[in-house]
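For reference, the chains in residue letters:
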Amino acid sequence: MPRPDLPDLVLPDGRLYVGGVWETGTGAEITSVFPADGRVNLTIRGASAADGERAIARAQAAQADPAWHGLKPHERARHLARIADGIEANLDRISQIQSRDTGKTLTETRALAMSAAGTFRYYAAVCETADETLTTQRGTALTLSVHEPLGLVAAITPWNSPIASDAQKVAPALAAGNAVLLKPASWSPLTALELARIVDESGLPKGLFSVLPGAGREIGNLLVEHPAIARVSFTGGTETGRALARKAAEKLMPVSLELGGKSPTIVFADADQDVALAGILFGIFSSTGQSCIAGARLYVERAIWDRFVPRLVAATERLRVGHPFDPATQVAPMVHRDHRDGVARMVAAAVAEGAEVLTGGRIPEGPDYDAGAYYLPTILTGVPDDATICREEVFGPVLVVLPFDTEAEVIARSNDNAYGLACGIWTRDMPKAWRVGRAITTGTVWVNTYKQFSISTPFGGEKDSGTGREKGREGMRAYMAQKSFYLDLTNAPHPWAGLGAEGTP
Ligand code: NAD
């Protein structure tokens, strides 16, 4: 396979977007690497706590300014629509930057950029059409409830789908009238800086948006602990989320936590096997398995095991593992060699625990792969449900496949896991799909499909997969404070005070 040429691309210059001002960071260095061949994209200085403090001060001023605070929702909506336009006008550029940052295929990063534009457009519409409530009157006062911005919101995001997960937080938080400080992950700082350029050029008042790549323990901690930050929306690993929630509890700050997963997928004997096969392959091996919702535990009804599993293995071996800029590639490199090596260690530990490797289980070799962060799509079997590889998130292209016999059994085994993010069910029997989907503790159920997304449909996890929901009309309300009003209509003194008709005792 000839290595595709990289298109000419002017990368972001590495300055941070600190409360609407482009500044060189004063924190630790961050290096963005192209995972396909290990070349350095750019080394930048990340944000220090001092940079964060400046961003917060500018955000406070901008959020309180009548130029933003005084806007009606339909006027705020125009800003979001302009950001959507800016993203759409830059789809190719964003896609290339994101592929350079993360190693994802151009096909996938283009789809992520389009989804980010759609997210800004959707929340422009939500902002413009969200109604306030006149509550049922029970006394002399007219009662109503309104929603107001919280003030300053921090968005902390992982590296796996940068612009889409950034937009999922930034768009509803801005729509709600807040200022937003975004801290992207250190392996993928460039995509968020490109979003900052687009927002800057959109005419959004300066200060309302910051992009502060940097170390979690420095800039991340500052954002979580700072008294001016009224909410943190976090997507990332479960242990990071748990530590963050403890700090948030100290200051009684609401947080939403989109965390890890080990999602079960179930193929019943009556399923259309071609549909199931395609959905399973896409569910675990797209994004090279670096997806919180990856369908990582596959349960196959024993009656079809002997036919289905060999087909699954053969189809996995036909997947094209290659360069992210080659349009034929299905499985691109992983985000970083450190992460790839961690996945390889988890597979080796599973084998030591008794797992049988049905395919993959190794780093591919050859000139196309040697300098990159590649790992072959891998299928393991022969382990009990309590094996580490069945319990812990791998966040890589590793599927564990196990047989089951009854509906009750597969429900219990699916639920016997700390996570509860997503699940997939393949069957032609819709009442069964409904029963099983309702019985599984999870945030999302896909039936005869997998990894489909819609911004209008809420998303979030149960158990160790997190708390709170993003997306949907209610997604904007999460970034607002509710305030209730009692407007008395009688103009009469309260009888309790015992005042006479003229107001004198
Ligand atoms: P991570 O938890 O290491 O980092 C996530 C973000 O938190 C990064 O920006 C990181 O710099 C920051 N951070 C780290 N320590 C911090 C601290 N002490 N205070 C504040 N911020 C801190 O996760 P990752 O490796 O970047 O991403 C992979 C994880 O994200 C996986 O577990 C995956 O399942 C999860 N994820 C979840 C969803 C979801 O929607 N549920 C989506 C994508 C990824």
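Since the structure is predicted, the reported quantities are computational estimates derived from the model, not experimental observations.

Student: Talk me through the overall build of the chain; I want residue IDs and the actual numbers.
Tutor: When helices and strands are tallied, the chain shows 16 helices and 22 strands. In terms of C-alpha radius of gyration, the chain reaches 25 Å, essentially the compact-globule figure of 23 Å for 505 residues. The C-alpha extent of the chain, read off along each of the three principal axes, is 90 × 55 × 40 Å. Carbon and sulfur atoms make up 54% of the accessible area of the chain, which amounts to about 20,800 Å² in all. Distance between charge centroids for the chain: 1 Å, based on 50 positive and 57 negative side chains.

Student: So, unusual backbone geometry: which residues are in play, and what are the values?
Tutor: For Lys 471, which is not glycine, the phi torsion reads 75° and is therefore positive. Not every positive phi belongs to a glycine, and Asn 491 is a case in point at roughly 60°.

Student: Could you give me a rundown of the domain arrangement of the chain, with the residues and numbers involved?
Tutor: A common way to report how large an interface is uses the accessible area buried once the components associate. Along its sequence, the chain is organised into domain 1 (16–259 + 465–485) and domain 2 (264–447). With centres defined by C-alpha atoms, the gap from domain 1 to domain 2 works out at 31 Å. Of the residues lining the interface, 22 residues belong to domain 1; the matching set on domain 2 comes to 24 residues. Each partner contributes to the roughly 1,900 Å² buried at the junction of domain 1 and domain 2, and carbon and sulfur atoms together form 61% of this total. Across the domain 1-domain 2 interface, the total number found is 0 salt bridges. Connecting domain 1 to domain 2 are 7 residue pairs in polar contact (both at pLDDT 80 or more). Every element with two or more residues in the side of domain 1 that touches domain 2 is listed here: helix H4 (91–102) and helix H5 (106–129). A total of 5 residues in the side of domain 1 that touches domain 2 trace back to one element, the largest contributor, which is H4. Each residue belonging to the side of domain 1 that touches domain 2 can be placed in one class, and the counts come to 7 nonpolar, 9 polar and 6 charged.

Student: Before we move on, could you go through the site of the ligand and cite the residues and values that matter?
Tutor: Not every one of the 24 residues close to the ligand is listed here, only the nearest: Thr 157, Lys 183, Thr 240, Leu 259 and Glu 393. Between an oxygen atom of the ligand and a main-chain N or O atom of Gly 236, the distance comes to 3.4 Å. Take Thr 240: an N or O atom from its side chain is 2.7 Å from an oxygen atom of the ligand. Isolated, the ligand exposes 850 Å² of accessible area, and the fraction of that covered by the protein chains is 83%. Elements with a contribution of two residues or more to the shell around the ligand: helix H8 (216–225) and strand S10 (229–235). With 3 residues, H8 is the largest single contributor of residues to the shell around the ligand. Per-class residue counts for the shell around the ligand are 11 nonpolar, 10 polar and 3 charged. When residues of the shell around the ligand are assigned to domains, at least three fall in each of domain 1 (16–259 + 465–485) and domain 2 (264–447).

Student: Got a sec to walk through the sheet that holds strand S15 (residues 378–381)? Specific residues and values, please.
Tutor: Reading across from one edge, S14-S15-S16-S13-S12-S18-S19 is the order of the 7 strands in this open sheet, with mixed pairing throughout. Edge positions in the sheet fall to strand S14 (356–359) and strand S19 (444–447), since each of these pairs with one other strand and no more. Each neighbouring strand pair of the sheet contributes to a mean axis angle of 25°, computed without reference to strand direction. Where strand S12 (residues 263–267) meets strand S13 (residues 295–301), 5 bridges bridge the pair, whose relative direction is parallel. Across the sheet, Val 267 pairs through a bridge with Val 300, a residue of S13. Across the sheet, helix H10 (residues 273–285) is in contact with S12, S13, S15, strand S16 (398–404) and strand S18 (422–426); its angle to S16 comes to roughly 140°.

Student: Which residues make up the sheet that holds strand S6 (residues 141–149), and what are the values?
Tutor: Two orientations exist for strands paired in a sheet by backbone hydrogen bonds: parallel and antiparallel. Strand order in the open sheet formed by 3 strands is S5-S6-S22, with antiparallel pairing between adjacent strands. Sheet topology places strand S5 (133–135) and strand S22 (480–488) at the edges, where each strand pairs with a single neighbour. Averaged over neighbouring strand pairs, the angle between their axes works out to 25° when direction is ignored. Where S5 lies against S6, 3 bridges are found, and the strand directions are antiparallel. When the sheet's bridge partners are listed, Thr 135 is paired in S6 with Thr 143.

Student: Mind laying out the environment of Thr 388, listing which residues take part and the relevant values?
Tutor: Turning to its location among the elements, Thr 388 is positioned in helix H13 (residues 388–391). A relative accessible area of 33% means that Thr 388 is categorised as partly exposed. Sequence spacing of Thr 388 and Pro 149 is 239 residues, and the spatial spacing of their C-alpha atoms is 43 Å.

Student: Describe the pattern of salt bridges, with residues and values.
Tutor: Here the structure, examined in full by the defined rule, presents 29 salt bridges. The salt bridge involving Glu 132 is made with Arg 477; its shortest N-O contact spans 3.9 Å. In this pair, Glu 132 is assigned in the loop between H5 and S5 and Arg 477 in helix H16 (residues 474–477), connecting sequence segments 345 residues apart. Assessed through its relative accessible area of 17%, Arg 477 is described here as buried. The closest approach of N and O atoms between Glu 407 and Arg 435, which form a salt bridge, is 2.8 Å. Of this pair, Glu 407 sits in helix H14 (residues 407–415) while Arg 435 is found in helix H15 (residues 430–439), placing the two residues 28 residues apart along the sequence.

Student: Provide a residue-level description of helix H7 (residues 189–202), including the pertinent values.
Tutor: Taking 1.5 Å per residue as the helical rise, H7 with its 14 residues ought to reach 20 Å, and the 20 Å between its terminal C-alpha atoms agrees with that figure. Counting buried positions along H7 gives 12 out of 14 residues, so the element sits mostly inside the fold. For H7, the full list of buried residues reads Pro 189, Leu 190, Thr 191, Ala 192, Leu 193, Glu 194, Leu 195, Ala 196, Ile 198, Val 199, Asp 200 and Ser 202. Where H7 terminates, the next one or two residues include Gly 203, which has phi positive at roughly 95°.

Student: Just give me the short version of the environment of Arg 435, but keep the residues and values in it.
Tutor: Residue class for Arg 435 comes out partly exposed when judged on its relative accessible area of 43%. When the C-alpha atoms of Arg 435 and Glu 407 are compared, they prove to be 9.6 Å apart, with 28 residues separating the residues in sequence.

Conventions we followed
Residues numbered from 1 in each chain as written. Predicted model: local features only at pLDDT ≥ 70, side-chain atom pairs only at ≥ 80, totals over all residues. Heavy atoms only, no water. Helix = DSSP H or I, 4+ residues; strand = E, 2+ residues; numbered from the N terminus. Rg over C-alpha atoms; globule rule 2.2 N^0.38 Å. Areas by Shrake-Rupley, 256 points an atom, 1.4 Å probe, with all protein chains shown as cover. Lys, Arg positive; Asp, Glu negative; His and termini not counted. Charge placed at Lys NZ, Arg CZ, Asp CG, Glu CD. Domains from an automatic or database assignment. Contact = heavy atoms within 4.5 Å. Buried area = accessible area lost by both parts, 1.4 Å probe. Salt bridge = Lys/Arg side-chain N within 4 Å of Asp/Glu carboxyl O. Polar contact = N/O pair within 3.5 Å; in protein donor to acceptor, adjacent residues only side chain to side chain. Nonpolar A, V, L, I, M, F, W, Y, C, P; charged D, E, K, R; others polar. Near = heavy atom within 4 Å. Pairing = 2+ DSSP bridges. Axes fitted to C-alpha atoms, helices over the stretch in contact; angles between N-to-C directions. Buried < 20%, exposed > 50% of the residue type's maximum accessible area, 1.4 Å probe, protein only. Expected span 1.5 Å × (residues − 1).

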